[in-house]
Amino acid sequence: MIYKIGLLCLLSIFFTYVNGQDKKKLNVLFVLVDDLRPSIGAFGDSLSVTPNLDQLAKSSHVFERAYTNQAVCVASRYNLLLGARSTSTGLYDFGRAFRDFYPQATTLPEYFKKEGYHTEAIGKVFHVGHNTYNDEQSWSVPHFHEKVIEYADKSTRSSTREEALFANVSWAEANQLPKGAAYESPDVSDETYADGRVANRAMQRLEELKNTGESFFMAVGFARPHLPFSVPKKYWDLYNEQNFDNVDRTTNPDLAPKFATKRDEEISQYAGIPLSATVDPFPDSLAMKLRHGYYAGVSYVDAQIGKVIKKLQETGLDSNTIVVLWGDHGYLLGEMGMWTKHVNYEIANRIPLIIHHPDHNNGVKTKEFIETVDLFPTLAALCGLKTPEVQQPLDGVSFEPMFTSGKQDIREYVYHCFPRGGMLGEAIRDKNLRMVRWTPMRGDREVVYELYEYSNGLVETKNIWSEDHPEFIRLKAILESHPAAAAMRPESKPRKASL
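Residues numbered from 1 in each chain as written. Predicted model: local features only at pLDDT ≥ 70, side-chain atom pairs only at ≥ 80, totals over all residues. Heavy atoms only, no water.

## Things to note about the overall build of the protein
Put simply, the rule reads: Helical segments are the DSSP runs of H or I of at least four residues, strand segments are the runs of E of at least two, and each set is numbered from the N terminus. The globule rule used for comparison is 2.2 Å times the number of residues to the exponent 0.38, while the radius of gyration itself is calculated over C-alpha atoms. Only protein chains enter the calculation, and the probe is 1.4 Å; a residue is then buried if its accessible area is under 20% of its type maximum, exposed if over 50%, and partly exposed in between. Any two residues having at least one pair of non-hydrogen atoms within 4.5 Å are treated as being in contact. Accessibility throughout is a Shrake-Rupley quantity obtained with a 1.4 Å probe, and a residue counts as covered only by protein chains that appear here. Positive charges come from Lys and Arg, negative ones from Asp and Glu, while His and the chain ends are left out of the count. In this description, the location of a charge corresponds to atom NZ of lysine, CZ of arginine, CG of aspartate or CD of glutamate.
A count of helices and strands for the protein gives 15 helices and 17 strands. Relative to a compact globule of 499 residues, whose C-alpha radius of gyration would be 23 Å, the protein shows 23 Å and is just as compact. With the C-alpha coordinates aligned to their principal axes, the bounding extent of the protein is approximately 95 × 60 × 45 Å. Across the 499 residues of the protein, 58% fall into the buried class. Counting contacts in the protein only where the partners sit at least 6 residues apart, residues at least 24 apart contribute 73% of the total. Here the protein has roughly 20700 Å² of accessible surface; of this, 51% comes from carbon and sulfur atoms. Charge-centre separation for the protein: the mean point of 56 positive side chains lies 3 Å from the mean point of 64 negative side chains.

Below is the structure:
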């Protein structure tokens, strides 16, 4: 009898141990990439050399219709880290500290921190620059900050305009500085640039976290392919520049409102880039060079991500870690004569999103619509955490049922926005069309609409809007079911520059 009781006790202890092991928290390795459009082999880009991301995609959910909520660095990262659309918070632009308006907000990493996770940020996670700053209380340890704008060529000793802006020097002061080069291709090591150092730091921390046994949420942010296209020569050498010939269309969509399109702006902050008043579109030789530099940046960051994932596997942490690859917004490379982002068109808003779950790793490509704001509740649910209760609006929906039961049609469309020319553009994108409503943010200008269909590709060619168009009427009703957009928040008080 005593023997039986002892055996039962041992079995009870054993099963308690096993169940405890089964219930160990999943870690999250969240990889953020600046200005990365889906120029990845796994997303069908035949030019791109991205072996590491292609390999990751083979055992992951690949979202081919993922979208940013606003095509600019600062807002897209607020959308991610707050789980809130810009139109809900009024945080559309640089220089708005979210805690000025939501002092008790709980960010995505902070939520994991409150649930007992170790959280840390390496590289660019929150946008730091342009009078915008890191959020210290989101992290268990101080943020490992690195540069976004950087040159191996040190022949110019003074800071460039964009370096100053990313160091939170005022616009007025930064505009007095010289422009930096748009690209360079020196024969240097990966660690010459920030992303190589970010990868090394992430690998070191993964090794240390393995030894501590802590559950973690680690955000690792890479800068390339953001301008300048400063990338070691070996990544430029992966490509033949002549393959980056001109895009099919270099003019604005027919009948598009002028304020909805763009020229100059970010790209013109760099030396050697002509203004559109002088040259429009760019000469083919310059356009090919810039595209070449962008793709070199994609391959460079692919290599750095590959190092981090390899270390995750070597530590054995991969068996218990969700890996997310997220591009903060899309990127135009001369399509319609436009460069970079900051518009409401398809290529500026479609993003790469890959989610690897250790228990659901068969590899799935899906055309399900997903927005950046959905990642907050999705990761919470995938990690078995309760539904977040936060001060800020929480606009996302959880895609956890897609992983656990294969549920489809969680979203029938995506919503995104961008303010331009004193007008707020709000967009609804479904399987075939995009409608944009432009509402004046001040004054009494009339509301303007755009409507595009995509049967012949992803570049907008003609605004087909008319007041009685049945698809416009349908999409307009969807948009009108959303709450009214919040007014833009006032700029926060600048802090001391860190240049």
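## A few points about helix 9 (residues 194-212)
In plain terms, the rule: In a helix, the anticipated span is given by 1.5 Å times the number of residues less one.
In a regular helix each residue adds 1.5 Å, so 19 residues correspond to 27 Å; helix 9 covers 27 Å between its end C-alpha atoms and thus fits that length. Every buried residue of helix 9 is listed here: Ala194, Asp195, Gly196, Val198, Ala199, Ala202, Met203, Arg205, Leu206 and Leu209. Taken together, the buried residues of helix 9 touch strand 3 (118-123), strand 6 (216-222) and helix 11 (284-315). Looking at the residues trailing helix 9, positive phi occurs at Gly213, about 75°.

## Digging into the confidence of the model for the protein
For the record, the criterion: Every residue is assigned a pLDDT by the predictor, reflecting its confidence on a scale from 0 to 100.
Taken residue by residue, the protein gives an average pLDDT of 94. The fraction at 70 or more is 94%. Across residues 1-22, where pLDDT falls below 50, the model places 0 contacts with residues more than four positions away in sequence or in other chains.

## Overview of the packing of aromatic side chains
As a reminder, the rule being used: In this analysis, rings of Phe, Tyr and Trp, with Trp reduced to its six-membered ring, are considered paired at centre separations within 6.5 Å, and the interplanar angle assigns stacked below 30 degrees, edge-to-face beyond 60, and tilted for intermediate values.
Counted by the stated rule, this structure contains 26 aromatic pairs. Between Tyr294 and Tyr331, the aromatic rings sit 4.9 Å apart at their centres with planes inclined by 20°, giving stacked as the arrangement. A residue pair is termed long-range when its members are at least 10 positions apart, and Tyr294 in helix 11 and Tyr331 in the loop between strand 9 (321-327) and strand 10 (332-333) qualify at 37 residues. On the accessibility criterion, Tyr294 (0% relative accessible area) is buried. Taken together, a centroid distance of 5.9 Å and an interplanar angle of 15° make the contact between Tyr449 and Trp465 stacked.

## Concerning the sheet that holds strand 12 (residues 350-356)
Applied cut-off: In this description, strands pair whenever DSSP reports at least two bridges between them. An axis is simply a line fitted to the C-alpha atoms; with a helix, the fit covers only the stretch in contact. Between two such axes, the angle follows the N-to-C directions and lies from 0 to 180 degrees.
Taken in spatial order, the 7 strands make up an open sheet running 3-6-1-9-12-2-13, and their pairing is mixed. In this open sheet, the two edge strands, each paired with only one partner strand, are strand 3 and strand 13 (364-371). Strand-to-strand twist of the sheet, defined as the mean angle between neighbouring strand axes without regard to direction, takes the value 15°. In this sheet, strand 12 lies alongside strand 2 (residues 61-67) in antiparallel orientation, the contact comprising 5 bridges. Within the sheet, the bridge partner assigned to Val62 lies in strand 12 and is Ile354. Strands strand 1 (27-33), strand 6, strand 9, strand 12 and strand 13 of the sheet are contacted by helix 13 (residues 375-382), whose axis makes an angle of about 170° with strand 9.

## Structural notes on the packing of helix 9 against helix 11
To keep things clear, this is the line we draw: Under this scheme an angle from 65 to 115 degrees is roughly perpendicular, one under 35 degrees roughly parallel, and one over 145 degrees roughly antiparallel; angles in between are oblique. Ten residue types, Ala, Val, Leu, Ile, Met, Phe, Trp, Tyr, Cys and Pro, are classed as nonpolar, four, Asp, Glu, Lys and Arg, as charged, and the remainder, Gly among them, as polar.
Following both chains from N to C, one finds helix 9 and helix 11 inclined at 10°, their axes separated by 9 Å at the closest point. With respect to helix 11, the element helix 9 is oriented roughly parallel. Judged by residue contacts, Asp195, Gly196, Ala199, Ala202, Met203, Leu206, Glu207 and Lys210 of helix 9 engage Tyr300, Val301, Gln304, Lys307, Val308, Lys311, Leu312 and Thr315 from helix 11. Along the lines of polarity and charge, the residues of the contact of helix 9 with helix 11 split into 8 nonpolar, 3 polar and 5 charged.

## Here we look at the environment of Val72
Residue position: Val72 is located in the loop between strand 2 and helix 3 (73-82). The class for Val72 is buried, based on a relative accessible area of 5%. Between the C-alpha atoms of Val72 and Val343, which are 271 residues apart in sequence, the distance is 8.8 Å. Beyond its immediate stretch of four places on either side in the chain, Val72 contacts Tyr92, Phe94, His329, Lys341, His342 and Phe418.

## Remarks on the sheet that holds strand 16 (residues 433-440)
Here we have 4 strands laid out as an open sheet, ordered 14-15-16-17, and antiparallel in their pairing. A strand with exactly one partner marks an edge of an open sheet, and here the two such strands are strand 14 (414-420) and strand 17 (448-453). Geometrically, the sheet is characterised by an average inter-axis angle of 15° between neighbouring strands, direction not taken into account. The pairing of strand 15 (residues 423-429) with strand 16 spans 7 bridges and is antiparallel. Paired with Met423 across the strands is Pro440, a residue of strand 16. Sitting on the sheet, helix 15 (residues 470-480) is in contact with strand 14, strand 15, strand 16 and strand 17, with an inclination near 60° to strand 16.

## Some details on the layout of surface pockets
Let me state the cut-off plainly: Detection works on a 1 Å grid of protein atoms alone, calling trapped sets that fit a 1.4 Å probe cavities and calling open sets with protein on both sides within 12 Å along at least five of seven lines pockets, with lining residues defined by an atom within 4 Å of a point. Grid points are joined across faces, edges and corners, and a volume is the space filled by probe spheres set on the points.
When its volume is computed, the largest pocket comes out at roughly 740 Å³. Along its surface, the largest pocket is lined by 27 residues, and Arg37, Asp45, Tyr295, Glu335 and Ile347 are the ones closest to its centre. Those elements that place two or more of their residues in the lining of the largest pocket are helix 11 and helix 12 (346-349). Residue classes in the lining of the largest pocket are distributed as 10 nonpolar, 7 polar and 10 charged.

## A look at empty space enclosed by the protein
Under the criterion given, the structure shown has 5 cavities of 30 Å³ or more. By volume, the largest cavity amounts to about 110 Å³. Forming the walls of the largest cavity are 15 residues, and the residues nearest its centre are Arg263, Asp264, Phe282, Gly337 and Trp339. What lines the second largest cavity is simply Asn246, Thr250, Pro281, Phe282, Ala287, Arg291, Gly334, Gly337 and Trp339. Of the residues belonging to the lining of the second largest cavity, the class tally is 4 nonpolar, 4 polar and 1 charged.

## As for the pattern of salt bridges
Selection rule: Salt-bridge detection follows one rule: a side-chain nitrogen of Lys or Arg within 4 Å of a carboxyl oxygen of Asp or Glu.
Taken as a whole and judged by the stated rule, the model has 36 salt bridges. Salt-bridge contacts for Glu460 lead to Arg434; the nearest nitrogen and oxygen are separated by 3.6 Å. On the criterion of sequence distance, the pair formed by Glu460 in the loop between strand 17 and helix 15 and Arg434 in strand 16 is long-range, its members being 26 residues apart. Judged by relative accessible area, which is 0%, Arg434 ranks as buried. In the salt-bridge network here, residues are joined through shared partners; they are Glu346, Arg350, Arg429, Arg434 and Glu460.

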